[in-house]
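Take a look at the letters that make up each chain.
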Amino acid sequence: MQAEKRDGILKKKFIYTAFILVLFTVGKSIPLCGIDVDMYLHRTAAAEDLLLQTLSGDLYRCSLFALGISPYITASVLVQIMHSIQSTDLRTRHSPKKITRDTLLLTLLFSLLQSVSRVRDLSFRVGDGRELAMVQCIAVMEMTAGAFFILWLSERNKKYGIGGQTVLIFINILDGIRAVVCSSPVQKLTVSILISLVVMEIVLIMENTEMRIPLLRISVHNLYADKNYLAIKLNPIGVMPVMFSTAMFMLPQLLVRALRWTFPQNRSLLWLQENLLLSKPMGIMVYIVILYGLTIAFSMIFMNPKEMTESFLKSGDSIEGIHAGRATGRYLSRVSVGISVFSATVMGVCLGIPLVLQMSGGMDRTVFALPSSVMMLTGLFCNLQREAAALRDLASYRSFDLNES
């Protein structure tokens, strides 16, 4: 009976997620109004296009879902960072409803900015003048509406399916890997596949290895007392910074583009626009710096040494060999920063090597994104596997009935 119940819950969630993915796939195949599709059939994708495909799934970003989930990810990152740097008193005044509203407003802003920036690079089947301007305005509204429809799909999947928002990214990555492998000869794929296998092994080790800090719990007085510890993964927030850094990398690009429209004759802005690309040294450096910053910031937000220290003080528990209070806070801060820097370094090396190789000609630009895709796919698969296992365990519990004798 319990096995049937467990399998039934998982089956319903998987079916619902499959339905969401069908809608998402259909949306990616609907071209924008008036777009010249023939211009993109045999076009070589840029480095940014290959990475952004993980967030939108549309390689050339000319469909209804051209923006993908990127605006929401960028908005949620900024809101979480702004919320975390506030005092505890201010954070308690912000309800989840207000945080959600702020995130949606920022999502709308970034959707409009990205769609306006993107529409200027697209080719349409109409001529110049008022007709082109009208078609571009329609495309901006379509891309903005598509971004919010994707957000709605991800929220529905989070509530009724499995994988939440990440399942859309997961299917994008799978589709991107399939497209790269099927369209590239073996000679081009050799180096990229070797690096991808190494990256996969590294991610699996970091996702399944943890640092254990021994704890003294005053409420535990049995033979298991010596097995109490605080577990911290070597990769404390998974591959989330890799996905978020790709979205955040677009912010300086959008800013430089906006300034270029305002000051078209400024040579410094022109130089920035030409070099703030993932095929240039400056663009690679900025991307890695963003990755480091997000990894450290999110590690401190989710691990939160200050809250852990306060929790220990309230419960009376402590870390072996460390005084309670400030000493514990300083120790946990050092551990959090150390692990996050280590995690960022490992991911930065795994992502930086393919970027440098494609820039120097040591790897074809059409396959350089394969290692980063494999990194994200491996991390997301581990998360999906844990979620499925948790649902399976939850469904196996028997309900407690007070009327049972």
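From a predicted model like this one, the values you see are computed outputs, not experimental measurements. Every chain begins its residue count from 1, and numbering advances along the sequence as written. The model is predicted, so local features are restricted to residues of pLDDT at least 70 and side-chain atom pairs to those at 80 or more, both for listing and for counting; the totals for chains, interfaces and linings are taken over all residues. Here the side-chain values reflect all heavy atoms present in the structure, with hydrogen atoms and water set aside.

1. What about the overall build of the protein chain?
Heads up, the rule is: Numbered from the N terminus, helices here are DSSP runs of H or I no shorter than four residues, and strands are runs of E no shorter than two. Per-residue accessibility, obtained with a 1.4 Å probe over protein chains only, is compared with the maximum for each type, and a residue is labelled buried under 20%, exposed over 50%, and partly exposed between these values. When checking whether two residues touch, look at their non-hydrogen atoms; a contact exists if any pair is within 4.5 Å. Only the protein chains shown count as cover for residues, with accessible areas throughout obtained via the Shrake-Rupley method and a probe of 1.4 Å.
Tallying secondary structure elements over the protein chain gives 15 helices and 3 strands in all. Here the protein chain holds 405 residues, and 44% of them are scored as buried. Considering only intrachain contacts with a sequence separation of at least 6, the fraction spanning at least 24 residues in the protein chain is 78%. Summing over all exposed atoms, the protein chain offers an accessible surface of approximately 21500 Å²; the carbon and sulfur share of this is 64%.

2. A word on the pattern of salt bridges
Defined as follows: A pairing counts as a salt bridge when a side-chain nitrogen of Lys or Arg comes within 4 Å of a carboxyl oxygen of Asp or Glu.
Summed over the entire model, instances satisfying the criterion amount to 4 salt bridges. The partner of arginine 386 in a salt bridge is glutamate 207, and the shortest N-O contact between them spans 3.4 Å. Of this pair, arginine 386 sits in helix 15 (residues 370–395) while glutamate 207 is found in helix 8 (residues 186–207), placing the two residues 179 residues apart along the sequence. Taking the shortest distance from any N to any O, the salt bridge between glutamate 210 and arginine 212 comes out at 2.9 Å.

3. Quick word on the confidence of the model for the protein chain
Operational definition: Every residue is assigned a pLDDT by the predictor, reflecting its confidence on a scale from 0 to 100.
On average, residues of the protein chain score 80 in pLDDT, and 85% of them are at 70 or above. Of all the helices and strands in the protein chain, helix 4 (residues 88–93) carries the lowest mean pLDDT, 62, while helix 6 (residues 130–160) carries the highest, 89.

4. Quick notes on helix 8
To be explicit about the condition: Take the number of residues in a helix, subtract one, and multiply by 1.5 Å to get its expected span. Bend angle per residue: angle between axes fitted to the 7 residues ending at that residue and the 7 residues starting there.
The end-to-end C-alpha separation of helix 8 is 30 Å, in line with the 32 Å expected for 22 residues at 1.5 Å each. The sharpest bend along helix 8 measures roughly 25° and falls at serine 192. Listed in full, the buried residues belonging to helix 8 are Leu189, Ser192, Ile195, Ser196, Val199, Val203, Met206 and Glu207.

5. A closer look at a nonpolar patch on the surface
The condition is simple: Surface patches are drawn from residues lacking salt bridges whose relative accessible area is over 30%; two like charges belong together within 9 Å, two nonpolar side chains (Val, Leu, Ile, Met, Phe, Trp, Tyr) within 5 Å.
On the surface, a nonpolar cluster with roughly 420 Å² of combined accessible area is contributed by Ile193, Leu194, Leu197, Met200 and Leu204. Counting through the fold element by element, leucine 197 comes out in helix 8.

6. Remarks on the nonpolar core
The nonpolar side chains of a soluble globular protein tend to be buried with one another. Condition: Side-chain atoms within 4.5 Å are what join buried Ala, Val, Leu, Ile, Met, Phe, Trp, Tyr and Cys residues into a set we call a nonpolar core.
Among the nonpolar cores identified, the biggest contains 55 residues, and Val242, Tyr287 and Met375 are the most heavily contacted of them. Of all hydrophobic cores here, the second largest spans 14 residues; its members include Leu32, Leu67, Val135 and Met143.

7. Digging into the packing of helix 5 (residues 96–119) against helix 10 (residues 250–262)
Filter applied, for reference: Here an axis means a line fitted to C-alpha atoms, over the contact stretch when the element is a helix, while the angle between two N-to-C directions is reported on a 0 to 180 degree scale. Here roughly perpendicular refers to angles of 65 to 115 degrees, roughly parallel to angles under 35, roughly antiparallel to angles over 145, and oblique to all remaining angles. What makes a crossing left-handed is the near helix being turned counterclockwise from the far one by less than a right angle; a clockwise turn instead makes it right-handed. Three categories are distinguished: nonpolar for Ala, Val, Leu, Ile, Met, Phe, Trp, Tyr, Cys and Pro, charged for Asp, Glu, Lys and Arg, and polar for the others, with Gly belonging to the last.
At their nearest, the axes of helix 5 and helix 10 sit 11 Å apart, and the two run at 60° to each other. Classified by the angle their axes make, helix 5 and helix 10 are oblique. Here helix 5 runs over helix 10; the crossing is left-handed. The segment helix 5 lies against helix 10, with Phe110, Leu113, Gln114, Val116 and Ser117 engaging Met250, Leu251, Leu254, Arg257 and Trp261. The class makeup of the residues in the contact of helix 5 with helix 10 is 7 nonpolar, 2 polar and 1 charged.

8. Side note on the sheet that holds strand 2 (residues 229–233)
The criterion, for reference: Strand pairing follows a simple DSSP-based rule, namely that at least 2 bridges must link the two strands.
The strand order across the open sheet built from 3 strands is 2-1-3, with neighbouring strands paired in antiparallel fashion. Only two strands of the sheet have a single neighbouring strand rather than two, namely strand 2 and strand 3 (318–319). Two elements, strand 1 (residues 210–216) and strand 3, share 2 bridges in a ladder whose sense is antiparallel. Following the sheet pairing, leucine 216 is matched in strand 3 by serine 318.

9. Considering the pairing of strand 2
Of the two faces of strand 2, the one lined by Leu230 and Ile232 is fully buried and the one lined by Tyr229, Ala231 and Lys233 carries no buried residue. Judged from the 5 bridges that link them, strand 1 and strand 2 form a sheet pairing that is antiparallel. Bridge pairing in strand 2 links glutamate 210 to lysine 233.

10. Some points on helix 13 (residues 305–315)
Counted only if it meets this: This arc describes the spread of directions from the helix axis toward the C-beta atoms.
Here helix 13 has its buried residues at Pro305, Met308, Thr309 and Phe312. Projected down its long axis, helix 13 carries its buried residues within an arc of 100°, all on one side. Of the exposed residues in helix 13, the ones pointing more than 90 degrees away from its buried face are Lys306 and Lys314. Summarising the contacts, the buried residues of helix 13 are in contact with strand 1, strand 2, helix 12 (281–303), strand 3 and helix 14 (326–360). A positive backbone phi angle near 85° is found at glycine 316, which sits one or two residues after helix 13.

11. Describing the packing of aromatic side chains
The geometry of an aromatic ring pair is captured by two quantities: the separation of the ring centres and the angle between the planes. Condition: Aromatic contacts are taken between Phe, Tyr and Trp rings whose centres are within 6.5 Å, Trp giving its six-membered ring; a plane angle under 30 degrees counts as stacked, one over 60 as edge-to-face, and the others as tilted.
A complete count under the given rule lists 5 aromatic pairs for this structure. Between tyrosine 16 and tyrosine 160, the ring centres sit 5.5 Å apart and the planes meet at 55°, which makes this aromatic pair tilted. Of this pair, tyrosine 16 sits in helix 1 (residues 2–28) while tyrosine 160 sits in helix 6; the two residues are 144 residues apart in sequence, bridging distant segments of the chain. Members of the aromatic cluster, each reached through a chain of ring pairs, are Phe24, Phe65, Phe149 and Trp152.

12. Things to note about the side chain of threonine 107
Examined against the element boundaries, threonine 107 turns out to sit in helix 5. Excluding residues within four positions of it along the chain, threonine 107 makes contact with Pro71, Tyr72, Ala75 and Phe148.

13. Examining the environment of serine 117
Inspection of the secondary structure puts serine 117 in helix 5. Setting aside residues up to four positions removed in sequence, serine 117 forms contacts with Leu254, Arg257 and Trp261.

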